[in-house]
Structure formats: structure tokens, C-alpha cells
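The residues making up each chain are set out below.
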Amino acid sequence: MEASHSTETALLCVTEALRTAKANSRSSALILLDLSAAFDTVNHQILLSTLSELGIFGAAYSCIASYLTGRSYQVAWRESVSAPRALTTGVSQGSVLGPLLFSLYTKSLGSVISSHGLSYHCYADDTQLIFSFPPSDNQVANHISACLADILVWMADHHLKLNLGKTELLFLPGKDCPFHDLAITVDNSIVSSSQSAKSLGVTLDNTLSFSANIKAVTRSCRFMLYNIRRVRPCLTQEAAQVLIQALVISRLDYCNSLLAGLPACAIKPLQLIQNAAARLVFNLPKFSHVTPLLRTLHWLPVEARVCYKTMVLAYGAVRGTAPPYLQALIRPYTQTRVLRSSTSGLLAPYLCGSTVPAQPSQNCSLLWHTNGGTSSLTTPGQRSQSPPSVDT
């Protein structure tokens, strides 16, 4: 995959588009396409033809052609092995080239989607379609159905299979929207909207409150802590810390920049999980004072971790190392006259309205100004000030 691009940046792009539409009193539909055995059905001849059309030739083309051709497979069952058969489809999903080749293979799908006025974001074999429309539009279902029908035709031409049974639809009604449900009929299959949908490991809900995702993360972390607690007497403190950071803290940090701007009560369950994890590292009882434990472990509280991740993404956008779609969300603030703050690196947020809670771009600008821009960006272990009390 491409440097600086991740599932988190992809989801930030999608949620920012949904929040922008809601702020402008528009309804939105998010369609999460599901492909059956996507990497295994890539046709080698079509892929090589696509690479030629993209201007890849010479040694690079020959290397990729050599990588794809001449492959075979066998089926082993107990002590029996089948005769080898030529493998003319598929790219290795776990390889470095696999996701890149699949992205190139599906590059022409974008023009099909754009021709219907829908925007999209692709991450490997996960394709997310976004359609924003005025609440008074009563032809939304037909519009999306026509787009999905053309996508089905494109999939068939490229030997891919769209699994309509697992394709999810998330409907976010705008202000004064006359209907609060949406159903799409495609190829004799009905795709109905749901209250929540899972995309790239994060559960999105139709209010973008991330309450369902926080519940899911909390549940999985509790399960991990329960299992670690059972073997804690056999572990040293260092081993317990490594295990908890790998299995619990990593879950709290995954795509946590999406939580920026949420009230403290919304992320409190995640803070309680971190508190329990810190106590487990030191093998202390339930109501032990946790603030000195976090300071000893050099763990920022959950809210501070969210702010830090947001600042890191802002720094990348300012420096030009973040994906272009994140760089477009913020821009340097231009002073109308010369002031002392002209050289302080202030940011102007990508404003879209004020009828919904602050968007990531607005939170990013606020945190940037509050913390003094690039001069204050340090690693969690380098922060001089102690975290606030988080005992509960």
C-alpha cells in the first residue's frame, strides 16, 4: 500500500464527507461494497492489459508478467495430492504487490461510479460509495440502483463478484428529511439500510456518534483483559505490560482520531478499560489510584491519545506528507494584515457549517492553535506535563 495511507486516513476522509453533507442539511447514503474472493479472481490477462494502458512497459512490465505467469496449484488431501493445474487468476493477498496490483486492476471502476454522481474511496478490496442529496430528492433509490447495476456489469467484465448479500447500506438522514429508511433493489436483491455498518474494522452508525464502535472495542478489550488476568500470576510485570499493550492498548488506539470532538462521557468507557489495563500490569486491586500508574507506564489518557493522534495527522498535512485528501481539509490561515501571529503557522479549518458537532478538520485546527503548532508536537513519552487525574 502507499506510504502515509491507512485505514484510519481512509475512514477520516469518508466520515468528513458525511459530516460535511449533514452540516449542509443534506442526507447521505454510504454503501459498503463486498467482493467475494476479490484477490483470488483477478484475471492475469486483464491485469496485464490494464498495466499496459497505464503506461507500464519494459522491464517493469516484464517483471510483473513473470511474477504472474507460470504459476500452478495442487490440492492435498491426507496422503493424496492432485495433479498440478495452471493458475491464471489471483494475486497473493498477503504479499506486498497483491493490494497494489488489485488497486490498479480496479482503477477503471472509479469512472463508472463517478458517472452517476457518486463519490467513492477505495482501500484495497474495500470500496465505499458516498452519495449526498437534498432531503426532498425522492429518486435516490433509483439513482443508487442504477449505479450498482453498472458496477455489477463492470464486475462481470472483470471476472469479479459483487456479493449483494453482504453489501451494507448506511443511511444518514439530513434535517427535515421526510423518510428515515432506504432500500435499494439491484439484480432482484434488496439492500436495506441499517443502523450501523462495519467498515475497515470500525463500526459506523447513522448518527456518527461511534457509540456502537466504542461498545464493540470495550467488549473485545474486556475479553482480552479477562484472559490476561487468568495468566497474570505466571507473568512478570514487563511481560504483562507488553501483552496488554499489544492486545488491549492497540485496540484503544486503532482509528481513535475518529473520536475527536466527542464528549468526555462518550469515551469514558475506553478510559475505564485503560485504567483496568494499568492496574492489571501492576497486579493491583480494582479501586487503586490509577494516575501514578499511567505516569509510570508513560501512557497518555484516552482523550489525550486522541488529541495526539489528531495532531500527528495535522502535522503530516501541514508538511505535505499526509494523503492529498487530508491535506485538502486544512489550509494555512492568511492574515489580512501583518500581525505578530503571521509567522505562528495558524490553520484555517475547512468550514462547512455549524449545525453538527465539530468535524475532524475543525478539531484539528483548534488543537493546532491550542498547542502552538509544530513546536509542541512531541511523542507521548516526551510530554513534560503529567496527565490529568483519570481515576474512576
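Residues numbered from 1 in each chain as written. Predicted model: local features only at pLDDT ≥ 70, side-chain atom pairs only at ≥ 80, totals over all residues. Heavy atoms only, no water.

As annotated in an unreviewed UniProt entry, the protein chain is Reverse transcriptase domain-containing protein from Salmo trutta.

Of the positions making up helix α4 (residues 97-105), those classed as buried are Gly98, Pro99, Leu101, Phe102 and Tyr105. Down the axis, α4 shows its buried residues gathered within 165° of arc, on one side only. Where α4 is buried, its residues meet α2 (44-53), α3 (58-68) and α6 (140-157). (Buried < 20%, exposed > 50% of the residue type's maximum accessible area, 1.4 Å probe, protein only. Helix = DSSP H or I, 4+ residues; strand = E, 2+ residues; numbered from the N terminus. Arc of directions from axis to C-beta. Contact = heavy atoms within 4.5 Å.)

A word on the packing of helix α8 (residues 237-253) against helix α9 (residues 264-281). Packed helices, taken two at a time, are described by the angle between their axes plus the distance between the axes. Interhelical geometry of α8 versus α9 gives an angle of 170° and a closest axis separation of 9 Å. Judged by the inter-axis angle, α8 sits roughly antiparallel to α9. Packed against α8, whose contacting residues are Gln237, Ala240, Gln241, Ile244, Val248, Ile249 and Leu252, the element α9 presents Leu270, Ile273, Gln274, Ala277, Leu280 and Val281 at the interface. Of the residues belonging to the contact of α8 with α9, the class tally is 10 nonpolar, three polar and no charged. (Axes fitted to C-alpha atoms, helices over the stretch in contact; angles between N-to-C directions. Parallel < 35°, antiparallel > 145°, perpendicular 65-115°, else oblique. Nonpolar A, V, L, I, M, F, W, Y, C, P; charged D, E, K, R; others polar.)

For the rest of this paragraph, the subject is the sheet that holds strand β7 (residues 126-133). What the six strands build is an open sheet, ordered β6-β7-β1-β8-β10-β9; its pairing is mixed. In this open sheet, the two strands that pair with only one neighbour each are β6 (119-123) and β9 (183-186). Between one strand axis and the next, the sheet turns through 20° on average, direction left out of account. Inspection of the sheet shows β6 paired to β7 by five bridges, in the antiparallel sense. Each residue of the ladder has a partner; that of histidine 121, found in β7, is glutamine 128. (Pairing = 2+ DSSP bridges.)

Enumeration over the complete set of coordinates arrives at three aromatic pairs. Considering the side-chain rings of phenylalanine 39 and phenylalanine 102, the 4.9 Å spacing of their centres and the 20° angle between planes classify their relative orientation as stacked. With a gap of 63 residues between them, phenylalanine 39 in the loop between β1 (27-33) and α2 and phenylalanine 102 in helix α4 connect regions that are remote in the sequence. Judged by relative accessible area, which is 2%, phenylalanine 102 ranks as buried. Look at phenylalanine 133 and phenylalanine 171: their rings are 6.3 Å apart centre to centre, the planes differ by 10°, and that puts the pair in the stacked class. Of this pair, phenylalanine 133 sits in strand β7 while phenylalanine 171 sits in strand β8 (residues 168-172), and the two are 38 residues apart along the sequence. Ring pairs connect the aromatic residues Phe131, Phe133 and Phe171, which therefore count as one cluster. (Phe/Tyr/Trp six-rings, centres within 6.5 Å; stacked < 30°, edge-to-face > 60°.)

All right, on to the nonpolar core then. What tends to happen in soluble globular proteins is that the nonpolar side chains get buried as a cluster. Ile31, Ile144, Leu148, Ile151, Ile244, Val248 and Trp299 are the most contacted members of the largest nonpolar core, which totals 94 residues. When residues of this core are assigned to their parent elements, the largest contribution, eight residues, is made by α6. Both domain 1 (7-41 + 98-194) and domain 2 (44-88) contribute no fewer than three residues apiece to this core. The residues touching isoleucine 244, leaving out its near neighbours within four places in the chain, are Ile228, Ile249, Ala277, Leu280, Val281 and Trp299. (Core = buried A, V, L, I, M, F, W, Y, C linked by side-chain atoms within 4.5 Å. Domains from an automatic or database assignment.)

Within the secondary structure, glutamine 128 sits in strand β7. Side-chain polar atoms of glutamine 128 contact the side chain of serine 199, separated by 2.6 Å. Setting aside its immediate chain neighbours within four residues, glutamine 128 contacts Leu11, Val14, Leu30, Ile31, Leu32, Ser119, Tyr120, His121, Ser199 and Leu200. (Polar contact = N/O pair within 3.5 Å; in protein donor to acceptor, adjacent residues only side chain to side chain.)

This next bit is on the packing of α2 against α4. Taken N-terminus to C-terminus, the directions of α2 and α4 make an angle of 75°; their axes are 9 Å apart at the nearest point. Relative to α4, α2 is oriented roughly perpendicular. Residues Ile46, Leu47, Thr50 and Leu51 of α2 lie in contact with α4, whose contacting residues are Leu101, Leu104 and Tyr105. By residue class, the composition of the contact of α2 with α4 is six nonpolar, one polar and no charged.

Moving on, we come to empty space enclosed by the protein. The final tally for this structure, using the stated rule, is three cavities of 30 Å³ or more. By volume, the second largest cavity amounts to about 80 Å³. Every residue along the wall of the second largest cavity is listed here: Asn213, Ile214, Val217, Arg251, Leu252, Tyr254, Cys255, Asn256, Leu258, Leu259 and Leu270. Elements that contribute at least two residues to the lining of the second largest cavity include exactly α7 (211-231) and α8. Ranked by the residues each element gives to the lining of the second largest cavity, the list is headed by α7, at three residues. Grouping the amino acids of the lining of the second largest cavity by side-chain chemistry returns eight nonpolar, two polar and one charged. (1 Å grid on protein atoms, 1.4 Å probe; cavity = no way out; pocket = protein on both sides within 12 Å on 5 of 7 lines; lining within 4 Å. Points joined across faces, edges and corners; volume = space filled by probe spheres on them.)

Here we come to the pattern of salt bridges. With the rule as written, the count across this model stands at two salt bridges. Of the charged contacts in the structure, one is a salt bridge between lysine 309 and glutamate 8, with a shortest N-O distance of 3.0 Å. Of this pair, lysine 309 sits in helix α11 (residues 302-319) while glutamate 8 is found in helix α1 (residues 7-23), placing the two residues 301 residues apart along the sequence. Classification of glutamate 8 by relative accessible area gives buried; the value is 10%. Across the salt bridge formed by arginine 305 and aspartate 253, the nearest N and O atoms sit 2.8 Å from each other. Taken together, the residues span a long stretch of sequence, with arginine 305 in helix α11 and aspartate 253 in helix α8 at a distance of 52 residues. Of the residues examined, arginine 305 reaches a relative accessible area of 18% and is grouped as buried. By relative accessible area, which is 23% here, aspartate 253 ends up partly exposed. (Salt bridge = Lys/Arg side-chain N within 4 Å of Asp/Glu carboxyl O.)

Turning our attention to the environment of phenylalanine 39. Among the residues examined, phenylalanine 39 registers a relative accessible area of 3% and is labelled buried. Spatially, the C-alpha atom of phenylalanine 39 lies 9.3 Å from that of alanine 124, the residues being 85 residues apart in sequence.

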